[in-house]
Each structure stands twice: as C-alpha cells, then as structure tokens.
Amino acid sequence: MTERARAEGRAGVWSGSWVAKRLGVELAGDDSLTGLLGLALRRNPKRAHLLVSNVLGKHVPQSPSVVHGHGVALGRRVRDLLGAETAGHAVVLGYAETATGLGHSVADGLGAAPYLHSTRRPVAGVSRAGGFEESHSHATSHLLLPEDPALLAGDGPLVLVDDEFSTGNTVLNTVRALHERYPRKRYVVVALVDMRSPADAGRLEDFAREIGARVDLVTAASGTVRLPPGVLEKGQELVARYEAGSAGAGSGAGGAVGRVSRVDLHWPDGVPDGGRHGFTAAHRERLENALPGMAARIAGALPAGARRVLVLGFEELMYAPLRLADALERTTDADVRYSTTTRSPVLAVDDPGYAIRTRLVFPAHDDPADGPGERYAYNVAGAGFDAVVAVVDSAADTPALHAPDGLLGRLAAHVPHVLLAVVPSYVPHAPHAPERPSMLPEPLRGPDFSSYASDEVGWLLQDFSDVTLEAPTEEREEAIQSGGAHYAESLPVEYQPSEQYQELFHAALDASAARLARAVGAVTEIVLAERSPRPVLVSLARAGTPVGILMRRWAQYRHGLDLPHYAVSIVRGRGIDANALRWLAAHHDPADVVFVDGWTGKGAITRELAAALSDFEVSDGVTGFNPEIAVLADPGSCVRTYGTRDDFLIPSACLNSTVSGLISRTVLRADLVGPHDFHGAKFYRELAGSDLSPAFLDAVSAHYPDVTDAVHAQAKELLAADRTPTWEGWAAVERISEEYGIDDVNLVKPGVGETTRVMLRRVPWKVLARAGAGADLDHVRLLAEQRGVPVEEVDDLPYTCVGLIHPKYTRGATGADGKAVAL
C-alpha cells in the first residue's frame, strides 16, 4: 500500500465499494455506517463478505483514543439506561476474540463494573464456569474461565458486548447457556453496529419474553446488509481468483530487514493482562496509575524521529495494548495507531475501495489448544509505519514468535524498527478444595437396582424410584428451551412401544446383531491394545451402559478378563458427576479408566467430558483420567477409539429403559442431589414384563464366536489407520442449523441414535434422511408417521439421518400441523 493509496482512502473512497461493486452487496441504514464499516471477502465457506470495522482496532489501524472512546461511550449509554444504582451491580461479558477490547472499554464507561471475556484458550488450573458456540465463526468454542466463580452468579444485569449484532444467534446461544446456569432478570446487548435482517429483528424480544427476562439493545449505528442470490458462490470464486493471482503476497520477505528489540514495561504485579479470568474495578485503578510510566518507557525505546507508530496487539489480548497505545498517543507527538493480530482469514486486495489492503501471514505462537495454524496482521505492510510495538502476553513469547517466519520476522521485513513488549500472562490463584465426606456409598447393583446381573455393572447413582419426576413431553420441551428448566431436572414419560414398533426392534436386532458384535469386539481390542491391559470400563449412563456390558463380555470371552464396569452420569452443560469421579479415584487408578458411550452425534458429550475432567483436576488435584471416549459407532468423527464410523441402527437406541436395564436417564436437581451425593435415576420395576435388556445383550454376544476372525482383521486395520477426529459431524450440524434457520445447534441431533431419541423424548420438528437410506430408518419412519413429523430426503448428508427438535418450543407444536400427536 503506497502513500498515494493511503491518500486515496483518506480522500473519501468508501472501503466497501470494491466488494459492493463486484458482489452486489448493499449496506443500508444509518448515514454513519459507511464511516464505521468497510467490506472485505472472507476466506470462509459459510459467508462471502466480512464487515470490517474502522473503529474496533482489529483489522484496520486506528487512533487508540477513537477505539477506546467508542467503547466508553457505549458503556456510558448502558449506565444511563440502567441507572446508577442498577449499573453498580452489572457484570460485563465480552466476546473473544474480536470484542475483548471493546467489552473492556464498555466496562470502563459503565464505571465500577467487573469485566470478563470469553476465551478460546483453555488455561490449566482454572475451572470452566460455562461456554457456548458461535455458529458463523471459523473458530466456534467459547470458554468462560473466571477466577472467581461468583462473578457470573449474581442477580444484577449482564451486559454482553460484541462488535456487531448480525443475526442474534451468538447472543441467543450465550443467554440460553448462561440463563440455564445463572438465571437473572435483565440483560443488555451492546454492539458497535446492529446489522440484523428484518426477519431476525424480533427474535431477541421473543426470546426475552419466553425466559421472563428483559433484554435491551444498545448500538452505535444500525442497518442491514442486502445480499443478492448466489453471493456465496460468487464470493468464493473471487477469493480463489485473487489468491491464485497473488499467492504468497503480503507474507513478508524471507529474512528480517528492520531491527527487533525488547522494551520492559514494568507491568504492575498482580494486575491481569485482560479479562480472561476477570478484571475488577481495583485492577482498573492500578492499571490507570501505571499507564503513564509504561508509555514513557515505550516512547523512550522508539527510534528518534519516528513519526508514525503502530501498537499491535495479539488476538484476544486487545485491551492492554489499546490502553498502552492510548497512553503513548498522549505522551508523544508521533501519529499513533492501534490494531491487533487475528485468527480470521480474509482476502487482501490493494485497492482504496477495499478494507483489507495487505496481509502478513505467520504461524501461531502461543501453542493454541486447536493446534498450529496461520495467523494474520492486516493493513500493516506498506502502511508507512516507522516503528511497530508488538504487545504479546508471556504465554505467546515463544520460539515460534522469534522464528524467521514468525510475527516479529514478518514485521521486520516491512518496518524499520520493531519493539517487543511482553505483558505477564495472569495466573489465577488455585482455589481451596472444599471439605468432603470421606466415604461415598457403594455402587447400586441388580437386581435391587436395574435388571442387569450384579456383576455386569455397578451404578454410581442414587435411587430416585420413589420420586415423581416425569412430565409431559411438550411441557418439558417448553421449559427446557425457555431456560426455565434444565433437561436433567425431569424425566420424559416413558414411551411404551406398540406391537408394530416392537416387531421393528426385533427385526433390527436380528439384522444387526453380528455387525454390533464386530464393532464391540473391535473397540474392545483397541482399548486393550492402546489404553490399558486391564481397563476399568466406565459407561456414560444410560446409552453407554449396554455397550460397556458388551465390551466387558468380549474381554471375558476373548481374553479371560473380568473387567470392572460402572455407570456414571454426565449432563450436558453441567458436566460429569464429580462424586462418581472421586469414588473411582479412591478405588482404581484413574489412568486405567476408559469412558464408554454408545455412539457420537455432533460430539457435544465428547467436549463436555473433556471440559469436566479438566475442571475436576483443578478442584480436586486428581490427574490421570483420560477424556477420550470409546464408542461403538463414531459417525461424527469425534473420537479416536471406536468400532466403526458407519451411521447404522444400534437397536438399543430404539427403546428407552426397556433395553437399558429398566433404568431412566439420569437426573440432576438441586433439591434432590446435594454437594456430596451421586446424581440419581429411577428403576422402573413395573416395566419388568416389557424388559428386553438381557435379550439384547445375549443376542449380540451370541455372535462373538462367529465374528472372532472378522474382529481381529477389523481391529488390526483400525489400529494401523489414521483415526484423528475430523469433527465432520459438528461442521454438518452448523451447516444444517444455518440452512434451516435454527439458532441453537443443540436442537440439531445427528445420526440414527440421536434422531431416535428426538422421536422418543423431545418435540420433533422434522427428520432429514439421507437419500436412499434403507432399513436402518424403518423405525424412525414409523415413529415419524405416528407423531405426524415430516421426513425429508437430503442429498450429501454425512449421517443416515438427522432429527430436528421443534425450534418454536410451545406446547402443542409437535407434529407437522403444529398439534400434539399422541404416541
């Protein structure tokens, strides 16, 4: 980018005109929109365009006082909206990575409000207080890791801050996840721009009414993006054409040209580097007092005569560099600008009508949890900077940062002087483990609890058989989706299958028993070869329990092993039963424990288990539990240990308790489960006449002698194969969620097993079936017919079928006609 090109940009050429002309994209709304936003093309298959903020300080270098000032002004508007007294009880939550600095600036404007931002960087030693998904992002998982868990537990307003409010999906997902865990009466959504379509505009208000909370929206400007038909394909074609014509451009020269040196900030001891673990009013005061001195040290290290200086932050580390830049702007006569590096892949086009003029590409340098990958700095090369002050946290001050192709080398290839300022990564204090009783009860066993033999499985649960927990399906669905109740706080009325449906179950079992036996044998052999010669099988109740029993039987049949087997409760959004983990750690080596489940859908439980075990390490100091689940079938490609990745009918998914030892799904409710109790479940003794649990197990294990050779070959092939999870299922769920206008990925249930659960226990909306799917779907088609649910055939579906839970969640919205259909 030449000086002439920069002058063209300042002369009034809108930085969205290039995209608007070629894609037909229109930005309509407030007069200030084109000053706030430019346009670029995403290197992303989900969306063609990117709204590029001119005042956020992420992609476009901007005056730090302008960036901070926009956030502070929004915070003051929130304070005026809430009133001084209510604002004094507010907590501000910003979104990673783009809005971490904006959210912090909003908190500054509010006054004394504590601040927390979500993060995509797991931190050892910090328990997770929650998390959520961002469906349109190239990197979706957000973690909430406050040092003080009480930060989110108050009843004051929660102020959620993002750079743009485009569809409302991210905010809805956040409020849904947090309201379920930390209910409150008021939320305020803050964004620089509100770009919702008319169709999206009313959803936030509807959602607020349903959860019984007030939700206000505060933005600097509003409008909408009008997209012509075929814009995604046209945008992808443009990206491919321009990247092919400029391969490697903007990455930087092979070796450094400019000088790289360090500057010691003397960062105040104990002040967090940002809001990843929480940032209080006391932290803010100490930082404000230290900023002038730190800015003076940076100014003293700048080369003489530097007239144009960039302070460059690092991904989620936006606020500390912003405030340093703001203080430097007040300290020196240089023209100071501020921006940060990013994970976001964007096409660069050197045109005054395009928002991203140049791109520096370098490898990640903070050992990210999602593995190595490219990172970017936009509009830095060719921008005429005499010096760049690169600000990173100490976790990112690694050899990769200093490598020839690292960030510092890329900067030095384009800028005469590069200063490195390192802010110490804040390490929260480890919490004190609470006192616990020394004895936990022994596992429940059949025939007193379950219809399984006493040696087949021990249930680390408490018996709720005498407690009334069942509620009508529609009533449960409405309560769950409105945030008024968690799905684990009640039980659905047990579905009693018709004679026709039972015939389908027996036919499916006859057809698939040998296939199931091969998968059981294969996954057990992999566990024995890779995990432990004498594993402790721990099934995730209840779907995992029959699989754990079958794996135990295979180990006994093939190797003469008598493996311990237990069943424990895990609840989405609440984690695994920590008391069950304590019992297991007291009786077995955690390294021998292998968690078992029936199948994977989109991988939500896989993620839940990994997060819960990480939390348990922090709370109890117990290490060794391996979060990798062993499953019969992994159609979602979420795990490494599986018998098959085919999405086929596992007959135990066809029924509820009558194929699972007459045990209900698990229950976690505060009035029933105390801090020192196991989660609970019911034993439906009254259904003994319909019990098919032993018959199912015997039908599968009877095939063990017939499949021994096939299992040996299948296990050998799998052990030699690359079984790295691709998370293909998660990507498919996000795509379906977007295509069908469902704003919550938890309402999309992929795979035969999950679809069956939707039909039996939730309020189904429709079923997507892979074109040509055969007998594996006979039982789903029958249930769909009984409940008045349409079945749509879909090409290129990675699963045999996908069940969609009704997204309107009102009672009576069960079938295709919106009326409840009796089972």
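Residues numbered from 1 in each chain as written. Predicted model: local features only at pLDDT ≥ 70, side-chain atom pairs only at ≥ 80, totals over all residues. Heavy atoms only, no water.

Undergrad: What is the right way to look at helix 22 (residues 728–739) in this model?
TA: Since the α-helix packs 3.6 residues into each turn, any two residues three or four apart lie on the same face. Between the first and last C-alpha of helix 22 there are 17 Å, a value that for twelve residues agrees with the 16 Å anticipated at 1.5 Å per step. Turning to helix 22, its buried residues are Gly729, Trp730, Ala732, Val733, Glu734, Ile736 and Ser737. At the exit of helix 22 stands Gly741, carrying a positive phi of roughly 70 degrees. (Helix = DSSP H or I, 4+ residues; strand = E, 2+ residues; numbered from the N terminus. Expected span 1.5 Å × (residues − 1). Buried < 20%, exposed > 50% of the residue type's maximum accessible area, 1.4 Å probe, protein only.)

Undergrad: Can you help me understand the pattern of salt bridges in this one?
TA: Two side chains bearing opposite charge may form a pair once their charged atoms approach each other closely. The tally for this structure, following the rule as stated, stands at 33 salt bridges. Here Asp108 makes a salt bridge to Arg284, at a shortest N to O gap of 2.6 Å. One end of the pair, Asp108, is in helix 6 (residues 100–110); the other, Arg284, is in helix 11 (residues 281–301), and 176 residues separate them in sequence. Here Asp108 and Arg284 have matching classes, each one buried. Each member of the salt-bridge network shares a partner with another, and the members are Asp108, Arg284, Glu288, Arg323, Asp326 and Arg330. (Salt bridge = Lys/Arg side-chain N within 4 Å of Asp/Glu carboxyl O.)

Undergrad: Would you mind going over the packing of aromatic side chains with me for this structure?
TA: Given two aromatic rings, their pairing is described by the distance between the two centres and the angle made by the two planes. Applying the stated criterion across every chain, the model contains 13 aromatic pairs. Seen in terms of ring centroids, Trp18 and Tyr354 are 5.1 Å apart; in terms of plane orientation they differ by 80 degrees. Their pairing is edge-to-face. Note that Trp18 is positioned in helix 2 (residues 17–23) and Tyr354 in the loop between strand 13 (335–341) and strand 14 (359–363), a separation of 336 residues in sequence. The interplanar angle of 70 degrees and the centroid separation of 6.2 Å between the aromatic rings of Phe279 and Tyr319 together place this pair among those described as edge-to-face. Taken together, the residues span a long stretch of sequence, with Phe279 in the loop between strand 11 (259–262) and helix 11 and Tyr319 in helix 12 (residues 319–331) at a distance of 40 residues. In terms of burial, Phe279 and Tyr319 fall into one category: buried. Clustering of aromatic rings is evident, with ring pairs tying together Phe449, Tyr452, Trp459 and Phe683. The ring of Trp727 has Arg607 sitting right over it, with the charged end atom 4.8 Å from the ring centre. (Phe/Tyr/Trp six-rings, centres within 6.5 Å; stacked < 30°, edge-to-face > 60°. Lys NZ or Arg CZ within 6 Å of the ring centre and 35° of its normal.)

Undergrad: Quick question: what am I supposed to make of the sheet that holds strand 4 (residues 91–94) here?
TA: Each strand in a sheet pairs with another by means of backbone hydrogen bonds, the pair being arranged parallel or else antiparallel. A sheet is described by the order of its strands in space; here six strands give the open sequence 1-10-9-8-4-5, paired in mixed fashion. The strands lining the two open edges of the sheet, one partner per strand, are strand 1 (26–29) and strand 5 (115–117). Direction aside, the axes of adjacent strands within the sheet are offset by 25 degrees on average. (Pairing = 2+ DSSP bridges. Axes fitted to C-alpha atoms, helices over the stretch in contact; angles between N-to-C directions.)

Undergrad: Just to check I follow, could you spell out the nonpolar core for this structure?
TA: One recurring pattern in soluble globular proteins is that nonpolar side chains are buried together. Ranked by size, the top nonpolar core spans 134 residues in total, and within it Leu41, Val159, Val190, Tyr354, Val389 and Leu411 carry the most contacts. Excluding residues within four positions of it along the chain, Leu411 makes contact with Leu312, Leu360, Val380, Val388, Ala390 and Val418. Ranked by size, the runner-up nonpolar core spans 50 residues in total, among them Val527, Leu528, Phe648 and Leu697. (Core = buried A, V, L, I, M, F, W, Y, C linked by side-chain atoms within 4.5 Å. Contact = heavy atoms within 4.5 Å.)

Undergrad: I tried to follow the sheet that holds strand 30 (residues 764–770) on my own but got confused; where do I start?
TA: Across the sheet, four strands lie side by side as 29-32-30-31; this open sheet has mixed pairing. With partners counted over all chains shown, the strands left at the sheet margins are strand 29 (748–750) and strand 31 (791–794), one partner each. In this sheet, adjacent strand axes meet at a mean angle of 20 degrees when their direction is disregarded. In this sheet, strand 32 (residues 801–805) lies alongside strand 30 in antiparallel orientation, the contact comprising five bridges. By the bridge assignment for strand 32, Lys766 is matched with Leu804. Strands strand 29, strand 30 and strand 32 of the sheet are contacted by helix 22, whose axis makes an angle of about 140 degrees with strand 29.

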